[in-house]
Amino acid sequence: MSSENPSSNHTAPTATTLIHRPRRLRRTATLRRMVQETTLTVDDLIYPMFVMEGEEQKMEISSMPGCYRYTLDLLLEEIAEVWRLGVGGVALFPVIPEVKKDDVGSESYNPEGLVQRTVKAIKEAVPGILVITDIALDPFTTHGHDGIVDENGVILNDPTVEVLVKMALSQAAAGSDMVAPSDMMDGRVGAIRKALDSEGYIDVRILAYSAKYASAYYGPFRDALDSAPKFGDKKTYQMDGANAREAIKEVALDIAEGADIVMVKPALAYLDIIRQVKDYTQLPVAAYNVSGEYAMIKAAAQMGWIDEKRVILETLTSMKRAGADLILTYFAKEVALILVNRRAFLF
Ligand code: PBG
């Protein structure tokens, strides 16, 4: 595009003391594209998806318009489609029927459980796509906490880690490419790595939710899974949103314990943490653009208050600019559709 304005600049010889004019590099779209520092691509995106029991059904999540709980058959179709669009990975979250939940989340390591069956089916139908499975007990427990709870309501660390290890092994046996502990128990990354290795799953990767904050932005996700805690909150295991140094401590521990990728979650209110983690480690850094961040953009767009596509791209680009190599986002399919046939996006 040769869209420089001919009426300005090179005609008027008016003297000036301005040596630097940063606007020179902003004058054409071509130049702006050349000097763009951060580029969002579909390669960066992982699509979190919800799977439920049954056949031929998809149910929209009311607080997450455009996101569905799919039965396995429809999930496979959707996964085949996003794979064609270039999305390289999916992160699975199961909707567990109330009757299968118990106090200790035993359904989580059922070899014939929903997640395990889903992983097998995806690896048969779309073998190339990276399948990431979540490790935490909340979808499987009657009380909705990520761990085992004692009679005083205390979340027990080490007994929970024992269950998480069983869960990881059963997911690996089903063919999971990467396990993602999102529970925030101490020592779980090391325990899972050790167990995977001793059972021969040396190539199953660990995406550690290292700096996961006790955030109000998870509300819509808990609607999707019907997994809101029945009592109390998650502040004794998830981090305090006011803390940054502690994020580095958690990241350091997960790296020492064998994490392949570390994650910051949520993303938008924690861009400074993403940057600090990026500066701290050579490992790839993931950011989770969580359900509440998605819901806010969708709601404002539905009201006609923002330009949805531009806000999505601007928001995800901010996460990359902050230092995220990978972004888990419910916008993955939409972004893939926007970016198809575009070499670069300038919003
Ligand atoms: C639970 C889990 C949560 C999310 C991912 N795994 C919710 C929570 O910790 O309560 C939130 C994801 C989102 O909000 O998009 N282990």
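Keep in mind it's a predicted model, so treat the numbers as computed, not measured.

1. A look at the packing of helix 4 (residues 157-174) against helix 5 (residues 188-198)
And then number 1: Where helix 4 contacts helix 5, the axes come no closer than 9 Å and their chain directions differ by 45 degrees. One element, helix 4, and the other, helix 5, form an angle in the oblique class. For the element pair helix 4 and helix 5, the recorded crossing hand is right-handed. Counting all contacts with helix 4, which are made through Val 161, Leu 164, Val 165, Ala 168, Leu 169 and Ala 172, the residues of helix 5 involved are Arg 188, Ala 191, Ile 192, Ala 195 and Leu 196.
And then number 2: Among the residues forming the contact of helix 4 with helix 5, the class breakdown is 10 nonpolar, no polar and 1 charged.

2. Considerations on the UniProt feature "binding site: Mg(2+)" (unreviewed entry) in the chain
And then number 1: Per the UniProt record, "binding site: Mg(2+)" (unreviewed entry) is found at Glu 250.
And then number 2: Tracing the chain through its elements places Glu 250 in helix 7 (residues 245-257).
And then number 3: Exposure remark for Glu 250: the relative accessible area of 14% places this residue in the buried category.
And then number 4: Aside from chain neighbours lying at most four places away, what touches Glu 250 is Met 184, Ser 210 and Met 239.

3. Quick notes on the pairing of strand 1 (residues 45-52)
And then number 1: Counting buried positions over the 8 residues of strand 1 gives 8, a clear majority of the element.
And then number 2: Because side chains alternate across strand 1, one face comprises the buried residues Leu 45, Tyr 47, Met 49 and Val 51, and the other comprises Ile 46, Pro 48, Phe 50 and Met 52, equally buried.
And then number 3: Sheet analysis places strand 1 next to strand 4 (residues 89-94), joined by 6 bridges and oriented parallel. Within the sheet, the bridge partner assigned to Tyr 47 lies in strand 4 and is Val 90.
And then number 4: As paired strands, strand 1 and strand 3 (residues 64-71) are joined by 3 bridges and run parallel to one another. Looking at strand 3, one finds that Met 52 is bridged to Thr 71.

4. Quick look at the nonpolar core
And then number 1: In terms of nonpolar packing, the biggest core is built from 106 residues, with Phe 50, Leu 75, Leu 207, Tyr 288, Leu 328 and Val 335 touching the most fellow members.
And then number 2: The element that contributes the greatest number of residues to this core is helix 4, accounting for 8 residues.
And then number 3: If near-sequence neighbours (up to four positions away) are discounted, Leu 75 is found in contact with Met 49, Phe 50, Val 51, Tyr 70, Leu 92, Thr 118 and Ile 122.

5. Some points on the UniProt feature "active site" (unreviewed entry) in the chain
And then number 1: When the UniProt feature table is mapped onto this chain, "active site" (unreviewed entry) is found at Lys 212 and Lys 265. Despite a sequence span of 54 residues, these residues sit close together in the fold, their greatest C-alpha distance being 4.8 Å. Of the annotated set named above, Lys 212 and Lys 265 line the largest cavity.
And then number 2: Within the element layout of this structure, Lys 212 appears in strand 9 (residues 205-212).
And then number 3: In this structure the side chain of Lys 212 is engaged in a polar contact, spanning 2.9 Å, whose partner is the backbone oxygen of Ser 182.

6. Some remarks on the environment of Thr 160
And then number 1: Relative to the helices and strands, Thr 160 is located in helix 4.
And then number 2: Setting aside its immediate chain neighbours within four residues, Thr 160 contacts Leu 137, Asp 146, Gly 147, Ile 148 and Met 185.

About the cut-offs
- Residues numbered from 1 in each chain as written.
- Predicted model: local features only at pLDDT ≥ 70, side-chain atom pairs only at ≥ 80, totals over all residues.
- Heavy atoms only, no water.
- Axes fitted to C-alpha atoms, helices over the stretch in contact; angles between N-to-C directions.
- Helix = DSSP H or I, 4+ residues; strand = E, 2+ residues; numbered from the N terminus.
- Parallel < 35°, antiparallel > 145°, perpendicular 65-115°, else oblique.
- Left-handed = near helix turned anticlockwise from the far one by under 90°.
- Contact = heavy atoms within 4.5 Å.
- Nonpolar A, V, L, I, M, F, W, Y, C, P; charged D, E, K, R; others polar.
- UniProt positions renumbered as here; feature names shortened; annotations may be inferred.
- Buried < 20%, exposed > 50% of the residue type's maximum accessible area, 1.4 Å probe, protein only.
- Pairing = 2+ DSSP bridges.
- Core = buried A, V, L, I, M, F, W, Y, C linked by side-chain atoms within 4.5 Å.
- 1 Å grid on protein atoms, 1.4 Å probe; cavity = no way out; pocket = protein on both sides within 12 Å on 5 of 7 lines; lining within 4 Å.
- Polar contact = N/O pair within 3.5 Å; in protein donor to acceptor, adjacent residues only side chain to side chain.

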